[in-house]
Amino acid sequence: MTLGDRYGAHRVLEPTGALPQAARRLDNASRPFDNEIGLQVSALHITSTSFQRLWREADQEPERMAEAITRIVAERGKFQDPVTGSGGVLLGTVDFVGPALRDGLDLSPGERIASLVSLALTPLRLEHVGRIYPATGQVEVKGYAVLFESGLWARLPSDLPESLALLALDVAGAPGYAAKNVRAGQRVLVVGGGKAGLLILHEARKRVGVTGQVILVEMDQARCQTVLSLGLADVVITADATHALEVARQVVQATGGALADLSFNCASLPGTEMATILSTRDEGEIFFFGMATDFSRAALGAEGAGKPVRMVIGNGYTPGHAELALQILRENQPLRSFLNSLLPP
Ligand SMILES: NC(=O)c1ccc[n+]([C@@H]2O[C@H](COP(=O)([O-])OP(=O)(O)OC[C@H]3O[C@@H](n4cnc5c(N)ncnc54)[C@H](OP(=O)(O)O)[C@@H]3O)[C@@H](O)[C@H]2O)c1
C-alpha cells in the first residue's frame with residue numbers, strides 16, 4: 001500500500017515542513033493514496049469573508065469571479081483566499097475510498113458527501129467553474145478533490161436539499177460551540193446575523209431559557225427584522241459593529257449594565273472586535289468565529305481597554321457539530337425556510 005501522511009504533509013509542495021493549511025502549494029495531481037478519499041466535486045461553498053472579498057475584487061462580475069477561483073486553484077492546488085487564508089467546504093460524490101481506510105469507514109463510491117475540513121487545506125483541481133450564487137457563496141464546479149486520513153466529512157442527509165445542508169455544514173462549528181457552552185440564564189450576544197449567527201441564535205435561545213437573554217447586533221435592517229419575526233433574539237440592535245462605543249452603549253442599555261456573559265463574533269467584515277469586547281462582561285467569554293477577526297486588534301484592544309475577557313479562537317470543529325447544524329434545520333422550520341430562500345430555486 002502507498003500511504004500518505006495522516007494530516008496530508010506528503011502533498012505539501014512548498015514550503016518544506018508546512019502542513020497543508022499553511023502551505024503555499026499542494027500536490028493536486030497525484031491519484032489518491034491508499035489512505036485518502038477521492039471525490040468528484042460538484043460545488044464549492046466559499047466561506048463568507050473570502051467570497052465577499054473576491055466578489056468585491058471581481059466587481060461582482062461572475063466571469064471575473066470564476067477566473068479568480070480558477071487562478072487560485074491553479075496556483076495553489078487548493079482553494080485558499082490568498083488574503084484571508086480561509087476557504088470553505090465542498091460537495092462531491094465519492095470516487096475512491098483508500099483500502100487502508102475501508103475497514104473503519106462506512107463509506108462507498110457513489111455516495112454524496114460534504115467536506116468538513118477547509119478548502120484551504122484540501123487538494124483540489126478544477127476543470128470548470130459554473131454558476132456563482134452570491135447570496136450564499138456557493139459555486140457550481142467540476143473538479144476533483146482529495147481528503148486526507150484525518151479529513152472530516154459528512155454524508156448528505158436525504159431529507160434536506162444539498163445546498164441547504166452545505167450552507168449549514170460550512171458554519172457548523174459555531175452552533176456546535178453554542179450547544180456546548182451556552183447555559184440557562186446567561187446573557188448571550190451575537191455580532192453578525194448571517195448564516196452562522198442565525199444558527200447560534202437558535203441554539204442560544206433554546207438554551208438560555210426564560211431567565212436568559214439573547215441579543216443580536218447586525219447592520220442589515222432587513223436581517224434584523226427577520227430575526228425578530230423568527231423569534232430568535234430578545235433584543236436586536238441594528239448597528240455597524242465597527243462603531244464599538246455606540247454598540248457597547250446599546251448593549252449596556254439592553255442588559256441593564258450587566259453586559260453579555262458569552263459573546264459570539266460572526267461578522268464577515270473586519271473591525272468588529274472591540275464592539276464585542278466592550279459588550280462582554282469582565283471574566284465573560286468571546287468566541288471569535290469570523291474570519292475577518294484580527295488577533296492583535298482583539299488581544300491588544302482588550303488589554304488597552306482593561307477588559308479581562310476570555311477570547312476563544314473559533315475552531316470550526318467540535319465533535320457532533322455537523323449533526324447538530326443539520327438538526328437545527330429540522331427542528332426550526334421557519335429558520336430553515338428563511339435559509340432556503342437564500343438559495344437558488
Ligand atoms: N471559524 C471557522 O471555522 C469558520 C467557518 C466558516 C465560516 N467562518 C466565518 O464566519 C463568519 C460568518 O460566516 P457566515 O457564513 O455567517 O457569513 P454571512 O452569512 O455573510 O454573515 C455575516 C453577517 O455579518 C454582518 N456584518 C458584517 N460586518 C458587520 C458589522 N460591521 N456590523 C454588524 N454586522 C456586520 C453581515 O451583514 P451584511 O449582510 O449587511 O454584510 C452578515 O449579516 C465569516 O467570516 C466566515 O468566513 C468561520
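Everything discussed here concerns the structure shown above.
Residues numbered from 1 in each chain as written. Predicted model: local features only at pLDDT ≥ 70, side-chain atom pairs only at ≥ 80, totals over all residues. Heavy atoms only, no water.

(A) Focus on the environment of V146. Considering the arrangement of structural elements, one finds V146 in strand β7 (residues 138-147). Residue class for V146 comes out buried when judged on its relative accessible area of 5%. Taking the C-alpha atoms as reference points, V146 and V210, separated by 64 residues in sequence, lie 46 Å from one another. Setting aside its immediate chain neighbours within four residues, V146 contacts R11, P32, E36, I37, T122 and P123. (Helix = DSSP H or I, 4+ residues; strand = E, 2+ residues; numbered from the N terminus. Buried < 20%, exposed > 50% of the residue type's maximum accessible area, 1.4 Å probe, protein only. Contact = heavy atoms within 4.5 Å.)

(B) Spotlight on the side chain of H321. Within the secondary structure, H321 sits in helix α11 (residues 321-331). Looking at H321, the relative accessible area reads 3%, which means it is buried. Look past the residues within four positions of H321 in its chain and what remains in contact with it is L116, A172, G173, G176 and G316.

(C) Up close: the sheet that holds β7. The antiparallel open sheet is built from 6 strands, whose spatial order is β6-β7-β3-β4-β5-β8. Strand pairing shows two members of the sheet lacking a second neighbour, β6 (124-133) and β8 (153-155), which therefore form its edges. Across this sheet, the average inter-strand angle for adjacent strands is 30°, counted without regard to direction. Summarising the sheet, β6 and β7 pair through 7 bridges and their orientation is antiparallel. Residue V129 lies in a different strand from β7, and its bridge partner there is V141. Sheet contacts for helix α2 (residues 62-76): β3 (37-46), β6 and β7; angle to β6, the most-contacted strand, approximately 160°. (Pairing = 2+ DSSP bridges. Axes fitted to C-alpha atoms, helices over the stretch in contact; angles between N-to-C directions.)

(D) Fine view of the site of the ligand. Around the ligand lies a shell of 28 residues, among which S48, T49, A196, E218 and A241 are the nearest. S48 places a side-chain nitrogen or oxygen 2.5 Å from an oxygen atom of the ligand. S268 is positioned with one of its backbone polar atoms (N or O) 3.5 Å from an oxygen atom of the ligand. Here the ligand has 930 Å² of accessible area as a free molecule, and 88% of this is covered by the chains. Residue assignment for the shell around the ligand shows that the elements contributing at least two residues are α1 (48-57) and α6 (195-208). Element by element, the count of residues in the shell around the ligand is highest for α1, at 3 residues. (Near = heavy atom within 4 Å. Polar contact = N/O pair within 3.5 Å; in protein donor to acceptor, adjacent residues only side chain to side chain. Areas by Shrake-Rupley, 256 points an atom, 1.4 Å probe, with all protein chains shown as cover.)

(E) Molecular detail of the pattern of salt bridges. Under the criterion given, the structure shown has 22 salt bridges. We note a salt bridge from E203 to R207, for which the minimum N-O separation is 2.7 Å. You can see E203 and its partner R207 sitting in helix α6, 4 residues apart, about one turn around the helix. Residue classification places R207 among the partly exposed residues on the basis of a relative accessible area of 31%. D261 is the salt-bridge partner of R281, the closest N and O atoms lying 2.6 Å from each other. (Salt bridge = Lys/Arg side-chain N within 4 Å of Asp/Glu carboxyl O.)

(F) Quick look at helix α12 (residues 333-341). When we look at burial in α12, the residues that qualify are L335, R336, F338 and L339. Down the axis of α12, the buried set is contained in an arc of 160°. They therefore lie on one face. Packing partners of the buried residues in α12 comprise α4 (162-170), α6, α7 (221-229) and α11. Among the residues of α12, the N-terminal cap falls to N332, whose side-chain oxygen and the backbone nitrogen of L335 are separated by 3.0 Å. (Arc of directions from axis to C-beta.)

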